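Chain by chain, the residues:
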2 protein chains.
Amino acid sequence: MRHIEMIKEFTLDERLVESGEVIVELSLSKVIFVNSKLFPWLILVPKRASMREIIDLEDMDQKILFQEIVLVSKVIKKVFAPFKLNIASLGNVVAQLHVHIVGRFENDAAWPNPMFNKDKEPYDKTLYNELKEALAAQLTLN
Amino acid sequence: MRHIEMIKEFTLDERLVESGEVIVELSLSKVIFVNSKLFPWLILVPKRASMREIIDLEDMDQKILFQEIVLVSKVIKKVFAPFKLNIASLGNVVAQLHVHIVGRFENDAAWPNPMFNKDKEPYDKTLYNELKEALAAQLTLN
């Protein structure tokens, strides 16, 4: 009885859940808006079980992920007008495949270094909710 | 006479040139093999002038860049068999659009942190040349 194979279902990694709220479900990915006012920061998490690398995805899912990276990049640019976009898929700590898309400013808390190791500083709740709505509206417009 | 508009041509940023050697020209990007034995590290640089962001590229170039990211990822996986791939487009220091694709190991010099701020340690010259040839062969096979 112990040998029945489990059908693996996608479940969002607990550490990604804790980083912010899922604000939109795109066709492939959940979009998390990280709750840190230091950087405008969204995370794409493809809704596929047991994926660790972009090249683990099926070809069609890879194409959709890239389209979703472009979409989220454009929305961050529109909503926050950052000086630079940082896009990264690392996964050394949280193994579940996810892609960071972050707006950077020349006076931000980590510039010009990567922002990964900065502790998060939560937004004021009202502001977070306003931004969440603005982002969700832009992400579903396109 | 001073007002003639310059036609901007692509030239590889000097700091990217210094990080290693261009080992292959793909259809969109030059591929640099970074000369640091701490991590197997390739950089894609799209041969387009004045680009800073992936979303600055024409749609077709974006698609090709994503295909080239997948190709380089697969080649690093094949040649170095890393535990994890790290893929990142930051550009906070070197503004010219470029994408890092790096193989990571659980016992490497920066694990599990990002590798960007580690000083480079050059390969033995013979090994660098051997790896360069192995990588170039795999990149042109596909």
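Preceding this paragraph is the structure being described.
Conventions used here
Along each chain, residue indices are assigned from 1 in the same order as the chain's sequence is written. Chain letters start at A and ligand numbers start at 1, both assigned in the order the entries are written. Confidence filtering applies because this is a predicted model: local features only for residues at pLDDT of at least 70, side-chain atom pairs given and counted only at 80 or more, and all residues used for totals across whole chains, interfaces and linings. Side-chain figures throughout are based on the complete set of non-hydrogen atoms in the structure, without hydrogens or water. For Phe, Tyr and Trp, rings pair up if their centres lie within 6.5 Å, where Trp contributes its six-membered ring, and each pair is then called stacked (planes under 30 degrees apart), edge-to-face (over 60) or tilted (otherwise). Summary of the burial criterion: residues with accessible area below 20% of their type's maximum are buried, those above 50% are exposed, and those between are partly exposed, where the area comes from a 1.4 Å probe applied to protein chains only. By definition, any uninterrupted DSSP run of H or I lasting at least four residues is a helix, any uninterrupted run of E lasting at least two residues is a strand, and each is numbered from the N terminus. Whether two strands pair depends on DSSP finding at least two bridges between them. In superposing the copies, a least-squares fit is computed on C-alpha atoms, taking residues whose pLDDT is at least 70 in both. What makes two residues a contact is simply this: any of their non-hydrogen atoms within 4.5 Å. The convention used is that axes are lines fitted to C-alpha atoms, helices contributing only their stretch in contact, and that angles between N-to-C directions extend from 0 to 180 degrees. Here the expected length of a helix is defined as 1.5 Å per residue gap, with one fewer gap than residues.

Let's shift gears to the packing of aromatic side chains. Under the criterion given, the structure shown has 13 aromatic pairs over all chains. Taking the centre distance of 5.8 Å and the plane angle of 40° together, the rings of Y123(A) and Y128(A) count as tilted. Side by side, Y123(A) and Y128(A) carry an identical accessibility label, which is buried. Ring geometry for W41(B) versus F116(B): centroids 6.4 Å apart, planes at 85°, classification edge-to-face. Placement of the pair is W41(B) in strand β3 (residues 41-46) and F116(B) in the loop between β5 (99-104) and α3 (125-141), with a sequence separation of 75 residues.

Attention now moves to the pairing of strand β2 (residues 29-34) of chain A. All names here are of chain A. In terms of burial, β2 is a largely internal element, 6 of the 6 residues being buried. Of the two faces of β2, the one holding S29, V31 and F33 and the one holding K30, I32 and V34 are both buried throughout. With 5 bridges connecting them, strand β1 (residues 20-25) and β2 associate as antiparallel partners. Bridged to V24 within β2 is V31. Following β2, the chain reverses through 6 residues before pairing antiparallel with strand β3 (residues 41-46).

This part is about the relation of the copies chain A and chain B. Rotating chain A by 180° about the axis while translating it 0.0 Å along that axis superimposes it on chain B, leaving an RMSD of 0.0 Å. Taken together, the rotation angle and the small translation identify this as a two-fold axis. Within chain A, A88(A) has its C-alpha nearest the rotation axis, a separation of 2.0 Å. Interface residue correspondence from chain A to chain B reaches 100%, placing this contact among same-surface, isologous pairings.

What follows concerns the sheet that holds strand β1 (residues 20-25) of chain B. Taken in spatial order, the 10 strands of this open sheet run β1(A)-β2(A)-β3(A)-β5(A)-β4(A)-β4(B)-β5(B)-β3(B)-β2(B)-β1(B), and their pairing is antiparallel. Of all strands in the sheet, those with a lone pairing partner are β1 of chain A together with β1 of chain B, marking the two edges. Ignoring which end each strand starts from, the neighbouring axes of this sheet average 20° apart. Against the sheet, helix α3 (residues 125-141) of chain A contacts β1, β2 and β3 of chain A, and its axis sits at roughly 25° relative to β1(A). Each of β2 (29-34), β3, β4 (84-89) and β5 of chain B touches helix α2 (residues 59-80) of chain B; the most contacted strand, β5(B), lies at about 20° to it.

Turning our eyes to something else, we now look at α2(B). With 22 residues, α2(B) should reach 32 Å at 1.5 Å per residue; the first-to-last C-alpha distance of 32 Å fits that figure. A positive backbone phi angle near 45° is found at A81(B), which sits one or two residues after α2(B).

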